[in-house]
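Observations on chain architecture
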Amino acid sequence: MKRTALNTGLKAAIVGLATLGAPAIAETITQTSPKSVSATMDALQAAVEGAGATVFARVDHGAGAAKVEMALPEAQLLIFGNPALGTPAMQADIHAGLQLPLKVLVYAGDAGTVVAYESVPTLFDGLDLPLDAEFAQKMTGALAALTGKAIAE
């Protein structure tokens, strides 16, 4: 009996210690689009460029898979940013550059087209960044507004 109680207590202590330094659970924001993957991505790219941000790349994961004769649902990633928002984040913690520029994935899901991106707190988890800073709030707002435009009919 005592041994079982000791083992149970030891297991609880180990689990407790293991979770002390654990990162926050990642939050991926998803929305559905009434449009196709390509049409949604076109609308997202137009919204990003219309807002004055820079599109660095548009990656067609589905096409890449097809080139190596592998199947993948239609999926495209848009990589974009605005130095007016990214630079202050990197000034606060240069490691923000590992998460920037911003990225939005549009893919064919089981129930239609899905738009997905990581929340700003998730992007910057573990970095020395104030999440209430103006740049973080603007990034959060920009991601919501741009993806909202992409899925609008």
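Figured I'd write up the structure that's included with this text. Predicted, not measured: the structure shown is a model, and the values here were computed from it. (Residues numbered from 1 in each chain as written. Predicted model: local features only at pLDDT ≥ 70, side-chain atom pairs only at ≥ 80, totals over all residues. Heavy atoms only, no water.)

1. A closer look at the layout of surface pockets
In this model, the largest pocket occupies a volume close to 320 Å³. Every residue lining the largest pocket is counted, 19 residues in all, and those nearest its centre are Ala53, Gly81, Asn82, Leu85 and Leu102. Of all the secondary structure elements, the ones that give two or more residues to the lining of the largest pocket are strand S3 (75-81), helix H4 (83-92) and helix H6 (134-151). Along the lines of polarity and charge, the residues of the lining of the largest pocket split into 14 nonpolar, four polar and one charged. (1 Å grid on protein atoms, 1.4 Å probe; cavity = no way out; pocket = protein on both sides within 12 Å on 5 of 7 lines; lining within 4 Å. Points joined across faces, edges and corners; volume = space filled by probe spheres on them. Helix = DSSP H or I, 4+ residues; strand = E, 2+ residues; numbered from the N terminus. Nonpolar A, V, L, I, M, F, W, Y, C, P; charged D, E, K, R; others polar.)

2. Re unusual backbone geometry
Residue proline 101 follows leucine 100 across a cis peptide bond; omega there is 0°. Relative to the helices and strands, proline 101 resides in the loop between H4 and strand S4 (102-109).

3. A look at the nonpolar core
In terms of nonpolar packing, the biggest core is built from 30 residues, with Leu44, Phe80, Val104, Phe124, Phe135 and Met139 touching the most fellow members. Of all elements in the fold, only helix H2 (37-50), S3, H4, S4, strand S5 (112-118), helix H5 (120-123) and H6 reach the threshold of two or more residues within this core. With seven residues, H6 is the single largest residue contributor to this core. (Core = buried A, V, L, I, M, F, W, Y, C linked by side-chain atoms within 4.5 Å. Buried < 20%, exposed > 50% of the residue type's maximum accessible area, 1.4 Å probe, protein only.)

4. A few points about H6
Taking 1.5 Å per residue, 18 residues should reach 26 Å; H6 reaches 26 Å between its end C-alpha atoms and fits that length. Taken as a whole, H6 has its buried residues at Phe135, Ala136, Met139, Leu143, Leu146, Thr147, Ala150 and Ile151. Each buried residue of H6 sits inside an arc of 130° when the element is viewed along its axis, so together they form one side. Opposite the buried face of H6, by more than 90 degrees, sit the exposed residues Glu134 and Lys149. (Expected span 1.5 Å × (residues − 1). Arc of directions from axis to C-beta.)

5. Section: the sheet that holds S3
Sheet architecture is open: five strands sit in the order S1-S5-S4-S3-S2, paired in antiparallel fashion. The open sheet has two free edges, formed respectively by strand S1 (28-33) and strand S2 (54-60), since each of these has just one partner strand. Going from strand to strand, the sheet's axes swing by 20° on average, the running direction of each strand aside. Pairing geometry for S2 and S3, over six bridges, is antiparallel. (Pairing = 2+ DSSP bridges. Axes fitted to C-alpha atoms, helices over the stretch in contact; angles between N-to-C directions.)

6. A look at the side chain of serine 119
By the secondary structure assignment, serine 119 is in the loop between S5 and H5. In contact with serine 119, other than residues within four places in its own chain, are Glu27 and Ile29. (Contact = heavy atoms within 4.5 Å.)

7. Brief notes about the packing of H2 against H6
Across the interface, H2 lies against H6 with an axial gap of 8 Å and an inter-helix angle of 135°. The angle between the axes of H2 and H6 places the two elements in the oblique class. H2 and H6 meet at a crossing whose hand is right-handed. Residues Thr40, Ala43, Leu44, Ala47 and Val48 of H2 lie in contact with H6, whose contacting residues are Leu146, Thr147, Lys149, Ala150 and Ile151. For the contact of H2 with H6, the residue count by class is seven nonpolar, two polar and one charged. (Parallel < 35°, antiparallel > 145°, perpendicular 65-115°, else oblique. Left-handed = near helix turned anticlockwise from the far one by under 90°.)

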